[in-house]
Amino acid sequence: MEEIIRFETVKSYNDFNNEETLHPLVSVIDFSKATPRKRYKMYFGLYVVILKDVDCGDLTYGRANYDYQEGTLVFFSPGQVAGVQKEELFQPSGHALVFHPDFIKGTSLGKHIQDYGFFSYKVNEALHLSERERKIVLDSFSKIRYELEHAIDKHSKKLVVNTIELFLDYCVRFYDRQFITRDEAHRGLLERFEAFLNEYLSSDKLQTIGLPTVAYCADGLNLSANYFGELIKKETGKSAHEYIQEKVIDLAKEKIFDPNKPVSEIAYELGFKYPQHFTRLFKKQTGSSPLEYRSNN
């Protein structure tokens, strides 16, 4: 079994990359200082943002590969495992921002770090930077390093945390740009989602598994739930959950036209555990209860 190198502290990751530890809870790393290495797997107990500069092998997250090229950013949060698939020795190049969860506790960033969905994005969802965006990233890293090299005073932590937060806000903007400029890669997603849903709704999965969830659909399309949800929202103006509900109600309308079928039976056929939940959703979507809809039509 492949050994996993565990990085629970900032110092342990600094030591691995021959980087001096200027602060026990936060660091900016220059990978050119690191010793040449090859294939390895890492566990992070830290927040890590890596800017890749040159080819250093495919990066794995879970069981698949990142779409990870020169000039990309990848994000890891505590508890995640990643690996580098490179059989021959290579010299790492690039930079990383690393900070321990304790560093942001009690701060504005600590209260909403979970809002940065890219920390939970799955495989092939790295952030691909333009040259201008790359300069902004490096400038942010440089400002943080400057503060770490500066004598610590009462302003130090606030300035570093605020710079990290501003950097992450820029990343939100960059991802929004990527959703637009990399449209070709996602073109057809809505069609694939539609086909996936249609296959699910026409099979016996509604009875055996239940109503399709956003997470289930995202996994079926090899995307994380967060990333998938944002793409669908940008394509349709609706959340993926709302889109699924509309498809289910469309199917329900067809079934309601059978006057011999009780509403409770329709509800169970559609994967609802309780008929009243189906009735509530149907009325919310159509303005009428199932029986009223049947009578009116």
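The structure under discussion appears in the preceding block.
Note that the structure is a prediction, hence the values are computed from the model and not measured.

Rules of the game
- Residues numbered from 1 in each chain as written.
- Predicted model: local features only at pLDDT ≥ 70, side-chain atom pairs only at ≥ 80, totals over all residues.
- Heavy atoms only, no water.
- Phe/Tyr/Trp six-rings, centres within 6.5 Å; stacked < 30°, edge-to-face > 60°.
- Buried < 20%, exposed > 50% of the residue type's maximum accessible area, 1.4 Å probe, protein only.
- Lys NZ or Arg CZ within 6 Å of the ring centre and 35° of its normal.
- Axes fitted to C-alpha atoms, helices over the stretch in contact; angles between N-to-C directions.
- Helix = DSSP H or I, 4+ residues; strand = E, 2+ residues; numbered from the N terminus.
- Parallel < 35°, antiparallel > 145°, perpendicular 65-115°, else oblique.
- Contact = heavy atoms within 4.5 Å.
- Nonpolar A, V, L, I, M, F, W, Y, C, P; charged D, E, K, R; others polar.
- Core = buried A, V, L, I, M, F, W, Y, C linked by side-chain atoms within 4.5 Å.
- Left-handed = near helix turned anticlockwise from the far one by under 90°.
- Pairing = 2+ DSSP bridges.
- Salt bridge = Lys/Arg side-chain N within 4 Å of Asp/Glu carboxyl O.

Engineer: Got a minute to help me understand the packing of aromatic side chains in this structure?
Structural biologist: Two aromatic rings, taken as a pair, are described by how far apart their centres are and by the angle between their planes. Inspection of every chain in the model, using the stated rule, returns 23 aromatic pairs. The interplanar angle of 70° and the centroid separation of 4.8 Å between the aromatic rings of phenylalanine 7 and tyrosine 13 together place this pair among those described as edge-to-face. Residue phenylalanine 7 shares its accessibility class with tyrosine 13, and that shared class is buried. Pairwise contacts between aromatic rings join Tyr47, Phe75, Phe99, Tyr116, Phe118, Phe119 and Tyr175 into one cluster. Directly above the ring of tyrosine 43 sits arginine 6, whose terminal nitrogen or CZ lies 4.0 Å from the centroid. Above the face of the phenylalanine 103 ring, lysine 157 is positioned so that its terminal group lies 5.6 Å from the ring centre.

Engineer: Would you mind showing me how to read the packing of helix 7 (residues 189–202) against helix 10 (residues 225–236) here?
Structural biologist: Angle between the axes and distance between the axes: these two values describe a pair of packed helices. The geometry of helix 7 relative to helix 10 is characterised by a closest axis approach of 10 Å and an angle of 110° between their N-to-C directions. The angle between helix 7 and helix 10 falls in the class roughly perpendicular. Between helix 7, through Leu189, Leu190 and Phe193, and helix 10, the contact on the second element is made entirely by Phe228, Leu231, Ile232 and Thr236. Taken together, the residues of the contact of helix 7 with helix 10 sort by class into 6 nonpolar, 1 polar and no charged.

Engineer: For this particular structure, what's the right way to read the nonpolar core?
Structural biologist: Nonpolar side chains in soluble globular proteins generally cluster together in the buried interior. Core analysis: the biggest nonpolar cluster contains 63 residues, and Leu73, Phe75, Leu97, Ile164, Leu168, Phe228 and Phe278 have the highest contact counts within it. A total of 9 residues in this core trace back to one element, the largest contributor, which is helix 5 (residues 156–181). Counting 18 residues, the second-largest nonpolar core is a separate cluster that includes Tyr13, Ile29, Tyr40 and Phe90.

Engineer: Which parts of the structure should I look at to understand the packing of helix 7 against helix 11 (residues 240–256)?
Structural biologist: Orientation of helix 7 relative to helix 11, taken along the N-to-C sense of each, is 45°, at an axis distance of 11 Å. Put simply, helix 7 runs oblique to helix 11. The two elements helix 7 and helix 11 meet at a crossing, and its hand is right-handed. Along the contact surface, helix 7 presents Leu190, Phe193, Glu194, Leu197, Asn198 and Leu201, while helix 11 presents Ala240, Tyr243, Ile244, Lys247, Val248 and Leu251. When grouped by side-chain class, the residues that make up the contact of helix 7 with helix 11 number 9 nonpolar, 1 polar and 2 charged.

Engineer: Looking at this structure, I do not really get the sheet that holds strand 7 (residues 72–76). What am I missing?
Structural biologist: The strands making up a sheet are joined through hydrogen bonds of the backbone, oriented either antiparallel or parallel. Pairing in this open sheet of 5 strands is antiparallel, and the strands run 2-9-4-7-10 from one edge to the other. Here the strands that pair on one side only, and so sit at the sheet edges, are strand 2 (26–30) and strand 10 (127–128). With 6 bridges joining them, strand 4 (residues 47–52) and strand 9 (residues 94–99) adopt antiparallel strand pairing. Note that in strand 9 the partner of leucine 51 across the bridge is histidine 95. Sitting on the sheet, helix 4 (residues 131–149) is in contact with strand 2, strand 4, strand 7, strand 9 and strand 10, with an inclination near 125° to strand 2.

Engineer: Would you explain the pattern of salt bridges in this entry?
Structural biologist: Any two side chains of opposite charge can pair if their charged atoms end up close together. The final tally for this structure, using the stated rule, is 15 salt bridges. For glutamate 269, the salt bridge is made with lysine 255, and the minimal N-O distance between the two is 3.1 Å. Of this pair, glutamate 269 sits in helix 12 (residues 263–269) while lysine 255 is found in helix 11, placing the two residues 14 residues apart along the sequence. Here glutamate 269 falls in the buried class, since its relative accessible area comes to 19%. Classification of lysine 255 as partly exposed rests on a relative accessible area of 22%. One salt-bridge network, held together by shared partners, links Glu19, Lys33, Arg145 and Glu149.

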